[in-house]
Every structure is written in C-alpha cells, then in structure tokens.
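Here's the letter readout for the chains.
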Amino acid sequence: METSAGHPPETPPHINSGDILRQDNPQNDNDNSSPPQTTPEPAVSDYQPDDLPEPSEQEIPPSELPPPPTGNTPPQVKKRRRRKRFFTDMIPTSVSAAAVSGLRVLRPNPKPSTAYSYSETELATGDDLNKNQNRRRRISDLAKEVDLEALIAISVGFPVDSLTEEEIEANVVSEIGGVEQSNYIVVRNHILARWRSNVTVWLTKDHALESIRAEHKNLVHSAYTFLLQHGYINYGVAPAIKELKFKTPEGVPKGNVIVIGAGLSGLVAARQLISLGFKVVVLEGRGRPGGRVRSKKMSGGQNGVVAAADLGGSVLTGINGNPLGVLARQLGIPLHKVRDICPLYLPNGRTVNSDIDSKVEASFNKLLDRVCKLRQAMLDEVKSVDVSLGTALETFRHVYRVAEDPQEQMLLDWHLANLEYANASLMSNLSMAFWDQDDPYEMGGDHCFIPGGNERLIRALAEDIPIFYDRTVESVRYGTDGVLVYAGGQEYRGDMVLCTVPLGVLKRGNIEFVPDLPQRKKNAIERLGFGLLNKVAILFPYDFWGGEIDTFGHLNEDPNMRGEFFLFYSYSSVSGGPLLIALVAGEAAVKFEKMSPLESVGRVLEILKGIFSPKGIAVPDPLQAVCTRWGQDQFCCGSYSYVAIGASGDDYDILSESVGDRLFFAGEATNKQYPATMHGAFLSGMREAAHILRVADRKSISPAEKSNNFSQENIIVVDKFFETPDLKFGSFSVLYDPISTDLESNCLVRVALQGEKLLYLYSLIARRLVLELSKLEGDMSRIQMLTRDFGVKLVGWKNLSTAAGSLITSIESARSV
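Since the model is a prediction, treat every value here as computed from it, not as a measurement. (Residues numbered from 1 in each chain as written. Predicted model: local features only at pLDDT ≥ 70, side-chain atom pairs only at ≥ 80, totals over all residues. Heavy atoms only, no water.)

J.: Describe the overall build of the chain, naming the residues involved and giving the relevant values.
T.: Counting its regular elements, the chain contains 23 helices and 27 strands. Here the chain holds 817 residues, and the buried ones make up 57% of them. Put simply, the chain shows about 33,600 Å² of open surface, and 50% of that area lies on carbon and sulfur atoms. (Helix = DSSP H or I, 4+ residues; strand = E, 2+ residues; numbered from the N terminus. Buried < 20%, exposed > 50% of the residue type's maximum accessible area, 1.4 Å probe, protein only. Areas by Shrake-Rupley, 256 points an atom, 1.4 Å probe, with all protein chains shown as cover.)

Here is the structure:
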C-alpha cells in the first residue's frame, strides 16, 4: 500500500479567528505541534525483524544469484516533484474555503463567568487607550492561535467551517449551524491541537478545561468525548497511552468483537475497541501481524551486512496529520524525508537530457489537464459515461502529437508507469471520471521512510493484543443474535465481527458470508479494482549508487513493459545496509509473477550495469535478493485498490457499510478519502471501532457469552413468516433461504406437536432433505427419518444456533422488499 501520487504541501488557506474560548492565562503548549522530525541524513536502526516465510515473496540463495555484468562522474540529476493527480472542478469549494465567516467572538476575561463584547471602533483616551491596545494585542494573538489550531484540524481531515458526518451522527451540538457549532469547532480544534503538541501523554478532560472558559464546559465534554471515542486523541503506543488504554474498564463488557485480519486496520481497531470496553479476539491467517506491511531482514557477506526491506507498504505519503507519524514520534523514530531528486536513465544507461525531460513532463501535465476538462464536460452532460484514463490520454496524445520522438515516447511511458504505480493498475483499467477522486483529501507534508522498516510500527501496535495466528477464516455467519466465525477448524462466537481482509480476498470469494452480502455491497466489490505492484529487493556488499539520492528511474523501450523496474528506491539511509528496491508496475507487474526470481534479478543487474558501468562504477555481486509475489498471496490477492472503469468513490463508502449491525468492514479499500495508503487503513480501523461503539450503545447488545438465545421479539417475527411458509406438509412448515436455490442450502423447519398445548420444535436442514421428508406419508415417519436417518435434532426456539439467526435475517430482508 503506497503511492507515488503525493505532492509537496500547498500554501494552507488563511483562516480568520473564530470564537476565542480561552481564559486570560491559558497553559498553552502548542509551540511543539509540528509533525515528526524528518531528516535526510542516514538513520541507523537496531531493528531485527524475524525471518518469516511468506507466500508473497521468493528469496534467491546467494549461491544462485547471477553475477553482475562487468563495467566517475556523478549522474545529472533533476529535482522531480512527485506526481500530483488531478481532480479539478469536481469538489465543492466549501471544502477548502479560505476563511471561516459569520462567527461571534467571545473575548477572554479574567472573570470567566462574564463574557464581554468589544468593538474595534470604540473610542478611548489615556489609560483606556492603553487598555484597548492591550486588548487588541491579546485578541490578535488569540486569533493567530485559533488559526494555527484550525490548520492542525484541517491536516487531520476536519473541514474548515462545518461538522463531519461522524460529528453530526454523534450529536456533538444541539443544532447544526449557528453560534454553538462555531464555538464547538474552535473547542474541538483546541483540544486536538493540544494533544498533538505532546502525543506521549494522556490528555484529560480537565487539562482541556484549563484553557477554555467555564461556560463552555458542555462543549468541552462533547468535543473531548467525540475525539477520544473516534481515535483522534489519546491513541498510539506511548507508555502513558498504553497504560490507560488497556486499563480494565469498569462495569460489564460492552460486547465481544471478532476482528478478522491483523493488518493495520485490524490492529488499530482491536486496540481501540479494547480501550472502549469490548472483549476482542483477532483471527489472522498468516503467522505474523501486518498484512500487506511486511519488513524482511536481509543479511549476508563476510562482514555480516544487514538491512530491513519493506516488501509491502513502505512510504508514509504525506506526514502532516498522518497518524503513523504520531506513532513514530511516540516511539522516538526520526523519519527520513524522501528527497525529490530523481535522475532518469535511458536504456543505454545515459542520463536523460534535462530539457527533453522538462518538455515531456510539461506535456504530460497538459494531457492530464485536457482529460480533466473533457471528463467534466462529459459528467455535466451525461452522468453515467466513463471510459478508461489510458484511452483518453492516448487519444489526446495523438490529437496533439505529443511525444512523437522515440526518446520522448519513452519518457512519456515512464510517467505513465509512475501513474500505474500510484494506482497499482494498468492505465486501461482506470476510470477517467474518478481515478483520482481522493486527491482533495491528500495528506500534506513530506513523504517519509521509517528507519528499520514499517514493521516497527506493526509490532508496537500488535503488543498485548489477543491474536490467533494461522487461523484462515472460511465463513462468517451473522444473524439477529450474534455471529459465528469458522477459522482453522474452530468456531468463534461473538456479538459482532469486523472484517478487515483486503478487497482482493473479497473479490475472490475466499470467505463465505451467511447470509450472503447485500447485492449493493457485492456490486461495489465487483466494480472497484484491486491492482498489483511488485518489488525486487537486493542487498549489496556496499552502496555503489551514491547516498545523495533516494530514487532514480530507468526508461524502457517496450511500451508494454514500461513499468518493469522503472523506479529504484535506495534504502541505504534507513535500512541499516546497502539495499536497493526495484519496482514493477502495470502490465509488467502481472508478467513478473510468471518469471523465475533468478531471471528477474538478472534483469535488474543488467539495468544497473547499463547505468553505472559506463561511469566506471562496478556493480558488485548481490548478497541476497527477494522477489515479491503479492498477486499469488492468498491473504491479499494483490496490492491495493483503485477506481476502475464504472466505479466511483461512492463504492468505497458502500464497502464500508455495516450489515445488520453485526458485520462491519475496515481496510484501505473502505476509506474513500485515503484509499491505497497505510494511513487510510489505520483511520478505517479507528472509524469502525467508533461505529461499533455507537451500535452497541444504541442496541445495548448483551455479550454473546451470557446470551446466545433468540429473543421473544425474534420468535414473534418468525411466527409471522410461518403464516405463509414456502412449503407445508402435515405438521411440518418450511422457510427456504431466499438468496439460494441450491439443494444444499439451509431451510428452517418448524414441527407443530399437538398435546395439552401446542408445542413448536425447530431444526435447520438442507433443502434436499426437506424434499425427501415431504415425499413420506405421516408425521411420525417423517420425524423418524429426520432424527434416525438424518441425525437431526428438533430443539426449542431458544436452543437454535446463530446460523438460524443468519437465515432469519436473510428471510426478513427478502420479505421486507
């Protein structure tokens, strides 16, 4: 999960002062609210990740590595800004409004119980004038402080002058719009900024109240509770945070939650749910946490060269407001800024002419601009029209005769490969209308590496979490009375289940959901794309490419293979050793998985030799090499999501929707604002933890371990369904599964036994067996066949399994349409 589509931060909008809710002497500590320290200097790490075999990677023994082909002027370099994707003219300007307007100003006062108004047109003389001047200075300082806090809130994802949907749902204010909302926003921003200034401590509500006027105590309570429950403050892995997060909550647990997947979203959700008072268990199919975040220890050579390679998600794409940056600060990890200098090399090893490079890059940007204008016109006229981004760009390229020279064509292909890397898919698969719909929400700031690998964050997040490894989930059954998850030959029962598996797993249908997922969600899963990016990590005995750059590119002559090793990341500054990682994107990434690892590494060495040998720099024998195979990994089936033709950002929202207040979803492919990123996965886990809390509080769900029986309310509903059964013979009434006609699908059977009073017994059996029973004469014969031949027990309503509840939920949904 990474993207090259990030870009340097733009100048933030100016925000006018809003309601100033602080007292005269606030204990402000916001001077330290900057993001984690970044450094371009080499960072040394003692991180030693365990060596765990992975189906998604293939390692080549050093003895089988091909020797490099044989072969000091430094390369000509160009400062290359990361590709900013375009989504112009399609987002309301209110999202990035330049100012907050219409706010009433409450002035600070030594007597907090008394608010006073002040007019800047007020006339004064002598002492009054000095007092007024002092007031103006205080007001100006407070206004600047409010502006700064608003900018911090914006970087985290809050809108400028309105509430988020989550805040509205949480009823943080009594009335939307107006003075109370304006005051709430300033209070919320202050609390958020105050914690961000020191993320290693637990910010209490009393600390927040110290610098906010007493009459706004209710707003402090509302904002603090929202920020805490939704994971905007007091989260992470600092000792003080962990101590309070994992303190046993008072009272009865709010419920039992099963989390499927120990990737970033699953780990974050589990930690947050535990702190909110839930009992949690995490089921993970792999033998390690992290999912698509995978750091591998590589070593070799007589001198014991060691490096940590990020084989999956690697780049923190924008550090401003990024929760992963918060974790790095808490762990004391200095981040390494990825430097923009990225020289490009031709197939013959020569450096690309800088004038030609600039010309093609400008032409590429113009092509994207023209596509943006075209799609806007198309969306204005015909809402449903969509074509591939690749088709649109290629059409404009021919019309405007862009890059007709062979070298220019290769350069253009390199930019297209970079775009395919950002989206993990071929240009021909990307939606022209919505491929970059997430751009308005992009995290600002530097792009950074974590020294020692991102698994440092994963291990910290996984600490003290009850994770069961090597538990491959086969099915999830959910109903009115809870959930059942079958994994690794075992059954796990809970009140709710959070599914965090990658979109690729959902597309493959590797997990059975009973009842089946709603058609709306299945359609979104089908529409969204899930692409592929692969890597070759090679450890060398020494750094021969130079430490002054973090990236360099290579052009390919074959347009169909433009993404083959088109970009190299130098990890020498952060991995602890001389490590190069070559990226494979687009069509080349698909073909790559069919190549032998030996052939792949040999191809990389040829490219490196072609670049450095003419400069008199010999490419040494590699010590170790690893090739990823993320498409063949059964636990992800690819790399990360993208908006395919016919899809839109709305599909991310649909994928995030819960089902029946029992089944919830998280992961990067459920985050419309930040898909295909590690921080997107993180934030989705926090989002769903808050969602589960809201559901639990609303429904007061009893823990599954105390009550797994169906309620009286449910049996009344089912009795109504049995008034019009799907099949009836003798004393037997049958309700079919409405979403399946398969003979092996379950049916709910009710048998009426007449005694002193009418008694109903129930059972779940296959439709095939129901049809056999219907052919017999007499209820006694049917009951004997059911119990003796089929081995089925008839039970009372309260002893039905949760699987029956799943079927009932499905029947209720079908009959309510």
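J.: Before we move on, could you go through helix α8 (residues 323-331) and cite the residues and values that matter?
T.: Counting buried residues in α8 gives 7 out of 9 residues, a clear majority hidden from the surface. All of the buried residues in α8 are Pro323, Leu324, Gly325, Val326, Leu327, Ala328 and Gln330. Where the residues of α8 are buried, they touch α3 (178-196), α6 (239-245), α7 (264-275), β6 (316-317), α12 (455-462) and α19 (678-699). The opening residue of α8, the one whose side-chain oxygen lies 2.9 Å from the backbone nitrogen of leucine 324, is asparagine 322. (Contact = heavy atoms within 4.5 Å. Polar contact = N/O pair within 3.5 Å; in protein donor to acceptor, adjacent residues only side chain to side chain.)

J.: Which residues make up the packing of α3 against helix α5 (residues 217-229), and what values do they have?
T.: Two elements in contact, α3 and α5, have axes separated by 9 Å at closest approach and are oriented at 55°. The angle between the axes of α3 and α5 places the two elements in the oblique class. Viewed along their axes, α3 and α5 form a crossing whose handedness is right-handed. Across the interface between the two elements, Glu180, Asn183, Tyr184, Val187, Arg188, Ile191 and Leu192 of α3 pack against Leu219, Val220, Ser222, Ala223, Tyr224, Phe226 and Leu227 of α5. (Axes fitted to C-alpha atoms, helices over the stretch in contact; angles between N-to-C directions. Parallel < 35°, antiparallel > 145°, perpendicular 65-115°, else oblique. Left-handed = near helix turned anticlockwise from the far one by under 90°.)

J.: Just give me the short version of the pairing of strand β4 (residues 295-300), but keep the residues and values in it.
T.: Direction of pairing for β4 relative to strand β5 (residues 305-310): antiparallel, over a ladder of 6 bridges. Paired with methionine 298 across the bridge in β5 is alanine 307. The turn linking β4 back onto β5 is made up of 4 residues, and glycine 301 within it adopts a positive phi angle of 85°. (Pairing = 2+ DSSP bridges.)

J.: Mind laying out the nonpolar core, listing which residues take part and the relevant values?
T.: Soluble globular proteins tend to pack their nonpolar side chains together in the buried interior. Of all hydrophobic cores here, the largest spans 75 residues; its most connected members are Tyr184, Ile191, Leu264 and Phe278. Inspection of this core shows a minimum of three residues originating in each of domain 1 (97-101 + 129-234) and domain 2 (256-297 + 456-529 + 637-701). Aside from chain neighbours lying at most four places away, what touches leucine 264 is Gly290, Val293, Leu324, Ile458, Leu461, Met678, Ala681 and Phe682. Grouped together as the second largest cluster of nonpolar side chains are 55 residues, Phe396, Met410, Leu416 and Leu579 included. (Core = buried A, V, L, I, M, F, W, Y, C linked by side-chain atoms within 4.5 Å. Domains from an automatic or database assignment.)

J.: So what's going on with the pattern of salt bridges? Residues and values would help.
T.: In this structure the tally under the stated criterion is 34 salt bridges. The salt bridge involving aspartate 413 is made with arginine 562; its shortest N-O contact spans 3.5 Å. Here arginine 562 lies in the loop between β18 (551-554) and β19 (564-570) and aspartate 413 lies in helix α11 (residues 406-423), a separation of 149 residues in the sequence. Of the charged contacts, one joins glutamate 606 and arginine 603 as a salt bridge, the two residues approaching to 3.9 Å between their closest N and O atoms. Taken together, the residues glutamate 606 and arginine 603, both in helix α17 (residues 597-612) and 3 residues apart, mark about one turn of the helix. Here arginine 603 falls in the partly exposed class, since its relative accessible area comes to 26%. One connected set of salt bridges, linked through shared partners, spans Asp413, Glu420 and Arg562. (Salt bridge = Lys/Arg side-chain N within 4 Å of Asp/Glu carboxyl O.)

J.: An account of the sheet that holds strand β27 (residues 759-766) is needed here, citing residue identities and associated values.
T.: The strand order across the open sheet formed by 4 strands is β24-β25-β26-β27, and the pairing between neighbours is antiparallel. Every interior strand has two partners, whereas the edge strands, β24 (727-729) and β27, have only one. Taken over all neighbouring pairs, the strand axes of this sheet differ in orientation by 20° on average, direction set aside. Sheet analysis places strand β26 (residues 746-753) next to β27, joined by 8 bridges and oriented antiparallel. Bridged to leucine 753 within β27 is leucine 759. Set on the sheet, helix α22 (residues 779-789) makes contact with β24, β25 (732-736), β26 and β27; between it and β25 the angle comes to about 50°.

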